Amino acid sequence: MPHTKTRIAPSPTGFLHIGSLRTALFNYLAAKKNGGSFALRIEDTDRERFVEGGVENIIQTLDWAGIKVDEGPYLKEDGTIAQKGECGPYIQSQRLDIYKTHVQKLLEQGNAYYCFCSKERLDELRSAQQEAKEPTGYDGHCRDLANEVLQEYMRSNTSFVIRLRVPKEGKTTFTDAVLGDITFDNSTVDDQVLIKADEFPTYHLAVVVDDHLMGITHISRGSEWLSSTPKHILLYTMFGWDIPIYAHQPLLVNEKKQKLSKRHGDVSVEDFKAKGYIIEALINFVAFLGWNPGDEREIFSLEDLEKEFSFEKMAKSPAVFNREKLNWYNKRYMMQMDLGDITKRAIPFFINAGVVDKTQVDGLEEFEQLKKIVDLERTRANTLVELVESVGCMFAKELVYDASLLVWKKSTKEDAKEKLIGLKSLIETISEDGWELEGIEKTIKDWMVENEFGTGDTLWPLRVALSGQKNSPGPFDLVYVLGKEKVVKRISAAIDMI
Ligand code: GLU
């Protein structure tokens, strides 16, 4: 068995798409499962779609995800891009000579040809085909140009592209590790452009040349690339190279079975990171978009996946990107993670939201306090952003809210005031030495029973007085975490507001 080598070959056209994270993950896992290696290659030959900072984002995202790249570009400490590995460069715009040499071979063999058709001619051709409801594609106008005509075009410096000479007859067949045998009639395959007028290769030529020269043995990619695969197989055959194993992933769709796109919500990994999704949860969720272990288990760390993943267990039918399921995963990971760890990860979100500044979380005591606060909400919030929103009130110097919120729906202003006055006196009697959750809860509950006070009309005003919010952590938690001084101050302020 040859050494397994896989790759992710994204184009730097913006923030890395969640679908590309899945591609990276599946390829990385296939390599790890077989003790192989995983490469990153940057496919930047489409210069019009190139986005500044795109390469850096790809590297940083894979790094955040814990997907380790054995070969390819990486970021040095000073933020500049360097490359490692024996098969470089790993950035296609730095490999133009390699593509030229290879296309030359195809020209010599007669497997590629020059095409001088103008943009206008091609546009007209396309419109006519569309009108006639025929499949669109090149009509082979320059496929068999007489040598003198070709030379004349060359002498007059007419701009040209180089196209693949797809056989007119026969079939191209390959076996996909997920989909099984796939056959295309060659008559349906277009004479694909291999070198564009700007002398850059197209994706099709570059991907095949690079995958071969880099020794890639397995390729998993989205099924939107399936229709390109016969062109790739033809190229491998023309070059006389071994064909790698393909494993096309099922389409990624939203709950309405539409293609996952920006118009219907977040799609870049960056979006999910900014919302406060935990990377372990995101990885677990993404792994299940087109793969499952074949039994009931749902919780998998990256290491578990490295042991269990296989192309054979990939699904054929579309994978639904169910955001509720993602929230379910995230909540689960937030609940089960070490409290110190989750608190550390929450800190940038607290700072970003302007809830705390850096000095408020620097000391050990402050960190311990923050841990308590995070613990209050981590079983309820779906994301770190939600967590910060719901506990942000705990840091406010002064709460600003509508006083009518203090009144429980079946109660009155006067009653709310009376309860708050009573609660304030009661809490003042609790000693700070015995300040712990269970004791506080018991003291307040006993007092309510003794006075025959209802739960809603007592605890609602207390909770609002302490949080200023409709939704917040529970009242006893708030009393405990805020501490006696702040609690008394907030209740007094609420009493004054009524
Ligand atoms: N550059 C292509 C992309 O952006 C790579 C497709 C492939 O894996 O062959 O997804």
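Heads up: the structure comes first, above all this text.
Note that the structure is predicted; figures quoted are calculated from it, not measured. (Residues numbered from 1 in each chain as written. Predicted model: local features only at pLDDT ≥ 70, side-chain atom pairs only at ≥ 80, totals over all residues. Heavy atoms only, no water.)

Visitor: I'm lost on the overall build of the chain in this one. Help?
Guide: Secondary structure summary: the chain contains 19 helices and 13 strands in total. For the chain, whose C-alpha radius of gyration is 31 Å, the value lies well above the compact-globule estimate of 23 Å for 498 residues. Along the first, second and third principal axes, the C-alpha atoms of the chain reach 105 × 50 × 45 Å. The proportion of buried residues among the 498 residues of the chain is 49%. Long-range pairs, those at least 24 residues apart, make up 73% of the contacts in the chain between residues at least 6 apart in sequence. Counting only carbon and sulfur atoms, one obtains 49% of the accessible surface of the chain, whose full area is about 24,900 Å². Of the side chains in the chain, 64 bear a positive and 78 a negative charge, and the two mean positions are spaced by 2 Å. (Helix = DSSP H or I, 4+ residues; strand = E, 2+ residues; numbered from the N terminus. Rg over C-alpha atoms; globule rule 2.2 N^0.38 Å. Buried < 20%, exposed > 50% of the residue type's maximum accessible area, 1.4 Å probe, protein only. Contact = heavy atoms within 4.5 Å. Areas by Shrake-Rupley, 256 points an atom, 1.4 Å probe, with all protein chains shown as cover. Lys, Arg positive; Asp, Glu negative; His and termini not counted. Charge placed at Lys NZ, Arg CZ, Asp CG, Glu CD.)

Visitor: Could you clarify how one ought to interpret the site of the ligand in this entry?
Guide: As a matter of local geometry, the ligand sits amid Arg 7, Ala 9, Pro 10, Ser 11, Glu 43, Tyr 203, Val 207, Arg 221 and Trp 225. Note that a nitrogen atom of the ligand is positioned 2.6 Å from one of the side-chain N or O atoms of Glu 43. Here an oxygen atom of the ligand and a side-chain polar atom of Arg 221 are 2.9 Å apart. Its free accessible area being 300 Å², the ligand has 83% of it covered by the protein chains. (Near = heavy atom within 4 Å. Polar contact = N/O pair within 3.5 Å; in protein donor to acceptor, adjacent residues only side chain to side chain.)

Visitor: Honestly, the pattern of salt bridges in this entry has me stumped. Any pointers?
Guide: Between side chains of opposite charge, a pair can form as their charged atoms come close. A full pass over the atoms with the stated rule returns 29 salt bridges. For Lys 119, the salt bridge identified is with Asp 123, shortest N-O distance 2.9 Å. Of this pair, Lys 119 and Asp 123 both sit in helix H4 (residues 119–131), four residues apart, which is roughly one turn of the helix. Among the ionic pairs, Asp 266 bridges to Lys 275, the shortest N-O distance being 2.5 Å. Each of the salt bridges in this network shares a partner with another, and the network as a whole consists of Arg 7, Arg 41, Glu 43, Arg 95, Asp 210 and Asp 211. (Salt bridge = Lys/Arg side-chain N within 4 Å of Asp/Glu carboxyl O.)

Visitor: I would appreciate a short explanation of the nonpolar core in the present structure.
Guide: Soluble globular proteins tend to bury their nonpolar side chains together. Residues Ile 67, Phe 350, Met 394 and Ile 444 are the most contacted members of the largest nonpolar core, which totals 103 residues. Residue contributions to this core peak at nine residues, all from helix H1 (residues 18–33). Residue contacts for Met 394: discarding those within four places in its chain leaves Ile 373, Leu 376, Leu 478, Val 481, Leu 482, Lys 486 and Arg 490. Counting 34 residues, the second largest nonpolar core, distinct from the first, contains Leu 107, Phe 174, Val 208 and Ile 219. (Core = buried A, V, L, I, M, F, W, Y, C linked by side-chain atoms within 4.5 Å.)

Visitor: Would you explain the layout of surface pockets in this entry?
Guide: By volume, the largest pocket is sized at about 1,400 Å³. Ser 11, Thr 13, Ser 20, Arg 49 and Trp 225 are, among the 49 residues lining the largest pocket, the residues nearest its centre. Broken down by secondary-structure element, the contributors of at least two residues to the lining of the largest pocket are strand E1 (5–8), H1, helix H6 (203–213) and strand E10 (218–222). Tallying contributions element by element places H1 first for the lining of the largest pocket, with four residues. Split by residue class, the lining of the largest pocket holds 18 nonpolar, 16 polar and 15 charged. Considering only enclosed or pocket space, the second largest pocket measures out at about 580 Å³ in volume. Among the elements of the structure, H4 and strand E6 (161–164) are those that each provide at least two residues to the lining of the second largest pocket. Take the lining of the second largest pocket: its biggest share by element is six residues, from H4. A breakdown of the residues in the lining of the second largest pocket according to their chemical character gives ten nonpolar, six polar and six charged. (1 Å grid on protein atoms, 1.4 Å probe; cavity = no way out; pocket = protein on both sides within 12 Å on 5 of 7 lines; lining within 4 Å. Points joined across faces, edges and corners; volume = space filled by probe spheres on them. Nonpolar A, V, L, I, M, F, W, Y, C, P; charged D, E, K, R; others polar.)

Visitor: Can you walk me through helix H7 (residues 229–239) in this structure?
Guide: Most of H7 sits out of view: ten of its eleven residues are buried. Every buried residue of H7 is accounted for by Thr 229, Pro 230, Lys 231, His 232, Ile 233, Leu 234, Leu 235, Tyr 236, Met 238 and Phe 239.

Visitor: Help me understand the sheet that holds strand E5 (residues 112–115) in this model?
Guide: Neighbouring strands of a sheet are bound in pairs by backbone hydrogen bonds; such pairs are parallel or else antiparallel. Reading across from one edge, E5-E6-E9 is the order of the three strands in this open sheet, with antiparallel pairing throughout. Two strands bound the open sheet, and with one partner strand each, they are E5 and strand E9 (193–195). When the angles between neighbouring strand axes are averaged without regard to direction, this sheet yields 45°. Examined bridge by bridge, E5 and E6 share four bridges and lie antiparallel to one another. Bridged to Tyr 114 within E6 is Ile 162. (Pairing = 2+ DSSP bridges. Axes fitted to C-alpha atoms, helices over the stretch in contact; angles between N-to-C directions.)

Visitor: Help me understand unusual backbone geometry, please; the structure alone is not making it clear to me.
Guide: For residues other than glycine, phi is negative in most cases, and the peptide bonds are mostly trans. Here the amide bond leading from Gly 88 into Pro 89 is cis, since omega sits at -5°, within 30 degrees of zero. As for its placement among the helices and strands, Pro 89 is situated in the loop between strand E4 (81–84) and helix H3 (96–109). Of note, Lys 257 is a non-glycine position whose phi angle comes to about 65°, a positive value.

Visitor: Just checking my understanding: could you explain the packing of helix H15 (residues 413–429) against helix H17 (residues 455–467) for this structure?
Guide: Helix-helix packing: each pair is described by the crossing angle between the helix axes and the interaxial distance. One way to put it is that H15 packs onto H17 with a least axis distance of 9 Å and a crossing angle of 75°. Taken as axis vectors, H15 and H17 run roughly perpendicular relative to one another. Between H15 and H17, the contacting residues are Asp 415, Ala 416, Lys 419, Leu 420, Leu 423 and Ile 427 on the first element and Asp 457, Thr 458, Pro 461, Leu 462 and Ala 465 on the second. (Parallel < 35°, antiparallel > 145°, perpendicular 65-115°, else oblique.)

Visitor: Mind showing me how you'd approach the packing of aromatic side chains here?
Guide: Any two aromatic rings considered together are summarised by their centre-to-centre distance and by the angle between their planes. For the structure shown, the criterion picks out 24 aromatic pairs. Residues Trp 328 and Tyr 329 carry aromatic rings whose centres are separated by 5.0 Å and whose planes lie at 75° to one another, so their mutual orientation is edge-to-face. Here Arg 47 stacks its cationic end above the ring of Phe 50, 4.8 Å away from the centre of that ring. The ring of Tyr 74 has Lys 84 sitting right over it, with the charged end atom 5.6 Å from the ring centre. (Phe/Tyr/Trp six-rings, centres within 6.5 Å; stacked < 30°, edge-to-face > 60°. Lys NZ or Arg CZ within 6 Å of the ring centre and 35° of its normal.)

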